[in-house]
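Given next are the chains, with one letter for each unit.
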Amino acid sequence: MNRKPVLILLCVTVLAPIVLYTDRLSSFSNSISINDFIEEGANLNLSNEGEKLHALPQESSDALKEPMGVVYFDNSSNSDQISALNGGELPPGRPGEHKSRVLSAADEGDRTENGSVIAQVTSKDSVTDDGLQKSKREADFPEKKEIKTEKQSEQTPLKSESRKQLPGRESRNAKSADKQSSATANRQSSNTPIPDARVRQLRDQLIRAKVYLGLGSTKTNPHFIKELRVRIREVQRALGDATKDSDLPKSVNDKMKAMEQLLAKGKQIQDDCSAVIKKLRAMLHSTEEQLRVHKKQTLFLTQLAAKTLPKGLHCLPLRLSTEYYSLSPSQQQFPNQEKLEDPKLYHYALFSDNILAAAVVVNSTVIHAKNAANHVFHIVTDRLNYAAMRMWFIANPPGKATIQVQNIEEFTWLNASYSPVLKQLGSQSMIDYYFRAHRANSDANLKYRNPKYLSILNHLRFYLPEIFPKLDKVVFLDDDIVVKKDLTGLWSINLKGKVNGAVETCGENFHRFDRYLNFSNPLIAKNFDPHACGWAYGMNVFDLSEWRKQKITEIYHSWQKLNHDRTLWKLGTLPPGLITFWNRTFALDRSWHVLGLGYNPNVSQKDIERAAVIHYNGNMKPWLEIGIPKFRNYWSKFVDYDQAYLRDCNLNP
């Protein structure tokens, strides 16, 4: 009676697992063939990349009687496998550089069969985006590993025996190459991780997998396609929005290995290189088209952001205007108005409808001035912002400096009968051109449709002698600049009979005359040099006495009349400025005025530190969210964000 329960328990615990195991083993062998298992096992990525694959036959260098002119340098930790060109010596300054294989004409057939460029791209042995090279390349090309050119075999030391035969300089080169090879091997054996290597490898795997999805030979294998799509989804979920390795989940290594094994299987299925080339070219074309569309969208959004007034800057003038009209007439006046026409003082001209930007220009100039009482600021704005501009400087006086705010509407002499540009700006054809009306043949470039070119404030700089009839010299400042040093020295500069003192912009070709003027027009080609240096508006010294003597305003008017149909230049004030002040501009030292902070994030920090004026020319103004972050602090530190009006309008740094 006791034996029966024991026998039953023995059957359950011992015999049942054996039966179940054999059933699973049989099902496993049925679903996966032995050949597939061997193929996948041969493609496994070994953890030690520097170790040879001993499962495959390795051809020794002794069996190769005659070199075939093939040079191959493997990216391996074994220093015996690393050699160099030029007599065994690496190029100066580039130790340990990885050389690519160069196959001879005699090896062309083998290269086509096994070493195709496209096969390398689509295989797991290829160099991925992160620069990692798989060790399995040794197994793919065992016969090419030790082959050298006849010349190199004489110069490059590979073994200690050949090293003994090298006399003098060649021996020293051999020792140098060995040292560099050892250093390279030590660096590689230290397993120093490449930053974000796994993220790049995952992206590379996705690209290769998508190539296989579109190939005809793999489409006929539904089992492979199904498994590939599953692996793609797994990798995409693991990758997500990660930009660095630390963002990846812990299970990502398993998914990478599984995908790599599947891609190796796909390589064996696919042997039609021409199909791979076509697919890659189609993907490249599609990517380039997407890039073009995204660039166009970026340009449009940047232009839109540059032209759009932020909510805070729209609130500020409304708030200030309300306060201004609540003041009594005596409270609306500025002090020290007797200094406005004193030619012995330092006068600045600023034309702007941006209250906060004008405040930064004035504040930064006054803070760095050695004697602020000698500086006078003349601000001209439009009717819409006149009251708000006055109220700002009444509530925030610029220390001991003198301030004047004028309304452009008060310049009764500035009318269409006197100014050709004012007549053109008010014409229907000009409005249609800039706003691209359906009846106008407008330019497709977005920058040509910026409304700022329709503002007379933008062209007021050509009428400085009329605005300041009793002054002899004035410094013109744009509202997107910041002053970093005392500007008093500008008035002591001898312009040598020139009218305009400005910093030249000859650093790049696009700052020369042919960038701004139409030299296909004979009138332009006859009078100007297309390679002449341009110069910058933003911080300019104007000698008003010479201006009147040389009748600069009349020259400007004559050219504006000739450009009524916009055939000489298209827009802006720089092209007519280049024409008007041609041979009348004195080049200032470049440290007076540094440009590019509104479009170029690579402006030299050294140039910024030694500059007297920095200029945010471009769309990325510092008061906009699209401003370059690392340059914004130079501007924002001259804004008191604790001021009541700024707090009311939610203006923050």
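Since the model is a prediction, treat every value here as computed from it, not as a measurement.

It is worth spelling out the pairing of strand β9 (residues 539-543) at this point. Counting buried positions along β9 yields five of five residues, so the element is predominantly enclosed. Side chains M539, V541 and D543 project from β9 onto one buried face, and the interleaved N540 and F542 project onto a second face that is buried too. When strand β6 (residues 500-502) meets β9, the two strands line up antiparallel, connected through two bridges. Of the residues in β9, the one forming a bridge with N500 is F542.

The next thing to look at is the state of the cysteines. Taken as a whole and assessed by the stated rule, the structure comprises two disulfides. The side chain of C506 participates in a disulfide bridge whose partner is C533; the two sulfur atoms lie 0.8 Å from each other. Here C506, found in the loop between β7 (504-505) and α21 (513-516), pairs with C533, found in the loop between α22 (522-527) and β8 (534-535); they are 27 residues apart in sequence, far enough to count as distant. With a relative accessible area of 24%, C506 lands in the partly exposed category.

Positive phi, close to 60 degrees, is recorded for N336, a residue that is not glycine. Take N336: it is sitting in the loop between α15 (311-324) and β1 (346-351). By relative accessible area, N336 is classed as partly exposed at 31%. Of note, the phi angle at K551 is positive, near 55 degrees, even though the residue is not glycine.

Let us now look at the packing of helix α10 (residues 197-213) against helix α12 (residues 222-239). Closest axis-to-axis distance for the α10/α12 pair is 10 Å, and the angle between their directions is 155 degrees. When the axis of α10 is compared with that of α12, the two are roughly antiparallel. Where α10 crosses over α12, the handedness of that crossing is left-handed. Side by side, α10 and α12 meet where V199, L202, R203, Q205, L206, A209, K210, Y212 and L213 of the first sit next to F224, I225, L228, R229, I232, V235, Q236 and L239 of the second. The residue inventory of the contact of α10 with α12, partitioned by class, reads twelve nonpolar, two polar and three charged.

What follows deals with the nonpolar core. Residues L316, L356, W392, F393, L490, W592 and W635 are the most contacted members of the largest nonpolar core, which totals 67 residues. Looking at this core element by element, the count peaks at nine residues for helix α16 (residues 355-368). Not counting residues up to four positions away in its chain, the partners in contact with F393 are F334, A358, A359, V362, I379, I403 and V405. Among the nonpolar cores identified, the runner-up in size contains 42 residues, and I467, W547, Y556 and I579 belong to it.

This part covers the sheet that holds strand β12 (residues 613-615). A sheet is described by the order of its strands in space; here three strands give the open sequence β5-β12-β11, paired in mixed fashion. Across the chains shown, the open sheet's two edge strands, defined by having one partner strand only, are β5 (481-483) and β11 (593-594). Pairing geometry for β5 and β12, over three bridges, is antiparallel. Opposite V482, over in β12, you have I614 as the bridge partner.

Within the structure shown, the criterion is met by eleven salt bridges. For E323, the salt bridge is made with R319, and the minimal N-O distance between the two is 2.9 Å. In this pair, E323 and R319 both sit in helix α15, four residues apart, roughly one turn of the helix. Judged by its relative accessible area of 26%, E323 falls in the partly exposed class.

Attention now moves to a nonpolar patch on the surface. Taken together, the side chains of L7, L10 and V14 make up a nonpolar region of the molecular surface, amounting to roughly 260 Å² of accessible area. Along the chain, L10 turns up in helix α1 (residues 3-31).

Another point: the environment of M620. With respect to the helices and strands, M620 occurs in the loop between β12 and α27 (629-636). Along the backbone, M620 and A306 are 314 residues apart, and their C-alpha atoms lie at a distance of 6.9 Å. Aside from chain neighbours lying at most four places away, what touches M620 is L597, G598, I626, G627 and I628.

All right, on to the packing of aromatic side chains then. For the structure shown, the criterion picks out 23 aromatic pairs. Judged by centre distance (5.2 Å) and plane angle (85 degrees), the rings of Y348 and W491 are edge-to-face. Note that Y348 is positioned in strand β1 and W491 in the loop between β5 and β6, a separation of 143 residues in sequence. Across this residue pair, the class does not change: Y348 and W491 are buried. Between W623 and W635, the aromatic rings sit 5.8 Å apart at their centres with planes inclined by 50 degrees, giving tilted as the arrangement.

Averaged over the protein chain, the pLDDT score is 75; the fraction of residues at 70 or greater is 67%. This stretch, residues 28-181, has a pLDDT under 50; its non-local contacts, to residues over four places away or in other chains, come to 188 contacts.

With respect to the element layout, T580 can be found in helix α25 (residues 574-580). On the basis of relative accessible area, T580 is assigned to the buried category, the value being 0%. Here P576 takes part through its backbone oxygen, which lies 2.7 Å from a polar atom of the side chain of T580. Not counting residues up to four positions away in its chain, the partners in contact with T580 are F462, I552, I555 and Y556.

What follows deals with α15. The first and last C-alpha atoms of α15 sit 20 Å apart over 14 residues, in line with the 20 Å expected at 1.5 Å per residue. Residues of α15 that are buried include every one of G312, L313, L316, P317, L320, S321 and Y324, and no others. Of the surrounding secondary structure, the elements contacted by the buried residues of α15 are α16, α17 (386-395) and α28 (644-648).

Next up on the list: the sheet that holds strand β4 (residues 473-477). Taken in spatial order, the seven strands of this open sheet run β3-β2-β1-β4-β9-β6-β10, and their pairing is mixed. The open sheet has two free edges, formed respectively by β3 (402-407) and β10 (585-587), since each of these has just one partner strand. Strand after strand, the sheet turns through a mean of 25 degrees between neighbouring axes, direction not considered. Bridge count for β4 against β9 is five bridges, and the pairing is antiparallel. Bridge assignment links V475 to a residue of β9, and that residue is V541. Against the sheet, α16 makes contact with β1, β2 (375-381), β3 and β4, and its axis sits at roughly 175 degrees relative to β2, the strand it touches most. Across the sheet, α17 is in contact with β2 and β3; its angle to β3 comes to roughly 170 degrees.

There is a patch of like positive charges on the surface, built from K219, R229, R233 and R237. Tallying contributions element by element places α12 first for the positive patch, with three residues. Within the secondary structure, R233 is located in helix α12.

Conventions we followed
- Residues numbered from 1 in each chain as written.
- Predicted model: local features only at pLDDT ≥ 70, side-chain atom pairs only at ≥ 80, totals over all residues.
- Heavy atoms only, no water.
- Buried < 20%, exposed > 50% of the residue type's maximum accessible area, 1.4 Å probe, protein only.
- Helix = DSSP H or I, 4+ residues; strand = E, 2+ residues; numbered from the N terminus.
- Pairing = 2+ DSSP bridges.
- Disulfide = S-S within 2.5 Å.
- Axes fitted to C-alpha atoms, helices over the stretch in contact; angles between N-to-C directions.
- Parallel < 35°, antiparallel > 145°, perpendicular 65-115°, else oblique.
- Left-handed = near helix turned anticlockwise from the far one by under 90°.
- Contact = heavy atoms within 4.5 Å.
- Nonpolar A, V, L, I, M, F, W, Y, C, P; charged D, E, K, R; others polar.
- Core = buried A, V, L, I, M, F, W, Y, C linked by side-chain atoms within 4.5 Å.
- Salt bridge = Lys/Arg side-chain N within 4 Å of Asp/Glu carboxyl O.
- Patch = residues over 30% accessible without salt bridge, like charges linked within 9 Å, V, L, I, M, F, W, Y side chains within 5 Å.
- Areas by Shrake-Rupley, 256 points an atom, 1.4 Å probe, with all protein chains shown as cover.
- Phe/Tyr/Trp six-rings, centres within 6.5 Å; stacked < 30°, edge-to-face > 60°.
- pLDDT = per-residue confidence, 0-100.
- Polar contact = N/O pair within 3.5 Å; in protein donor to acceptor, adjacent residues only side chain to side chain.
- Expected span 1.5 Å × (residues − 1).
- Lys, Arg positive; Asp, Glu negative; His and termini not counted.
- Charge placed at Lys NZ, Arg CZ, Asp CG, Glu CD.

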